[in-house]
Amino acid sequence: MFTLLLLSLLCQAQSDSGCQVDYRFTITDPADEMVAAELKLSDLSAMSAPIHLRFAEGFAFARLPEPRLQGEIEIVAGSDPAVQLKRVSAYHWTLDPANSDVVRLKWQVPLDHRDLPQVKGRDEYEYPYLRSDHGMLVMSTLALLPDEVNEQKIRVGFHLPTDWTLHAPWPRLQKGLWSFRPNSKRALQSDMVAVGGWKVHQQVVSGMNLVVAFSPEQEFLYDDVVAKVAPIVEAELKLFGSAPQKD
């Protein structure tokens, strides 16, 4: 089973206030092609009720009428019975934490997006998948995120099958652990994460750490892409006058 634990704590959009936002994703058996997610909201005294939570919309050309979920989003057992979660629309929920300072939610996401009639074919590349030896996580399909977050307090952790690697486009927080801090809320909901047996090329280009990942089906492209991508990136940095971030 592909288990995705998503631990998130809400926060106000202020640099030194609000709460921590933590996500943790765990893959156990890729054969089930399923993501189990848990969202932990804490320090909720800093938040005004109700708390609005959403999955990302409009990230792909092939749009689904609602997020791909198996069952409902649930409040984890042990929470205050007064806590209320309501679905407002297809991609939007509200949470009333009552007087609780910590609330946990959980849900499951089947990674069968590429088999859906709306997606199958030319738009498959926009959606996640999982194979026996590797997969690609599209965060837009997985992350339920509150409207108000302190972007400096978002953290994402991963647990993977033995010998699987992970490549995320975010600064790493702890060596030896798949723990990261996305650069922004938009990055958390828009970026892709490569897990498992991807072939990776890394080099520094104009002060930027460039990482190019090839899935097993794409390895025949490795030599040609590696030879061309660095000059392209260097030219773009020069053209747009962008200084790469330190991390």
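Everything below is about the structure printed above this text.
The structure presented is a predicted model; accordingly, all values stated were derived computationally and were not measured. (Residues numbered from 1 in each chain as written. Predicted model: local features only at pLDDT ≥ 70, side-chain atom pairs only at ≥ 80, totals over all residues. Heavy atoms only, no water.)

Counting secondary structure elements, the protein contains two helices and 17 strands. The buried share of the protein, taken over its 247 residues, is 47%. Taking all contacts inside the protein whose residues are at least 6 apart in sequence as the whole, residues at least 24 apart take part in 68%. Working note: accessible area of the protein is about 12,900 Å², and carbon and sulfur atoms make up 48% of it. (Helix = DSSP H or I, 4+ residues; strand = E, 2+ residues; numbered from the N terminus. Buried < 20%, exposed > 50% of the residue type's maximum accessible area, 1.4 Å probe, protein only. Contact = heavy atoms within 4.5 Å. Areas by Shrake-Rupley, 256 points an atom, 1.4 Å probe, with all protein chains shown as cover.)

Further remarks concern the packing of aromatic side chains. Evaluation of the coordinates by the stated rule reveals eight aromatic pairs. With centroids separated by 6.4 Å and ring planes inclined at 70°, the aromatic side chains of W170 and F180 adopt a geometry described as edge-to-face. Remark: F180 occurs in strand 14 (residues 178-180) and W170 occurs in the loop between strand 12 (166-167) and strand 13 (172-174); sequence separation between them is 10 residues. For F180, a relative accessible area of 3% puts it in the buried group. An aromatic cluster is present here, built from Y23, F25, F158, W170 and F180 joined pairwise through their rings. When the ring centre of Y222 is taken as reference, the NZ or CZ atom of K199 above it lies at 4.1 Å. (Phe/Tyr/Trp six-rings, centres within 6.5 Å; stacked < 30°, edge-to-face > 60°. Lys NZ or Arg CZ within 6 Å of the ring centre and 35° of its normal.)

Before going further, it helps to examine the sheet that holds strand 1 (residues 21-26). Taken in spatial order, the four strands make up an open sheet running 1-11-14-13, and their pairing is mixed. What marks the edges here is a single partner per strand, and that holds for strand 1 and strand 13. Going from strand to strand, the sheet's axes swing by 30° on average, the running direction of each strand aside. Both strand 1 and strand 11 (residues 154-159) contribute to a ladder of six bridges, which runs parallel. Note that in strand 11 the partner of Y23 across the bridge is V156. (Pairing = 2+ DSSP bridges. Axes fitted to C-alpha atoms, helices over the stretch in contact; angles between N-to-C directions.)

In this model helix 2 (residues 222-240) runs 27 Å from its N-terminal to its C-terminal C-alpha over 19 residues, within 8% of the 27 Å that 1.5 Å per residue would give. Considering bend angle alone, the principal kink of helix 2 is centred on V229 and spans about 30°; proline P231 follows within four residues of it. Listed as buried for helix 2 are Y222, V226, V229, A230, V233 and L237. Next to the buried residues of helix 2 lie strand 16 (199-205) and strand 17 (208-214). Following helix 2 by one or two positions, G241 has its phi on the positive side, about 65°. (Expected span 1.5 Å × (residues − 1). Bend = angle between axes of the 7 residues up to and from the residue.)

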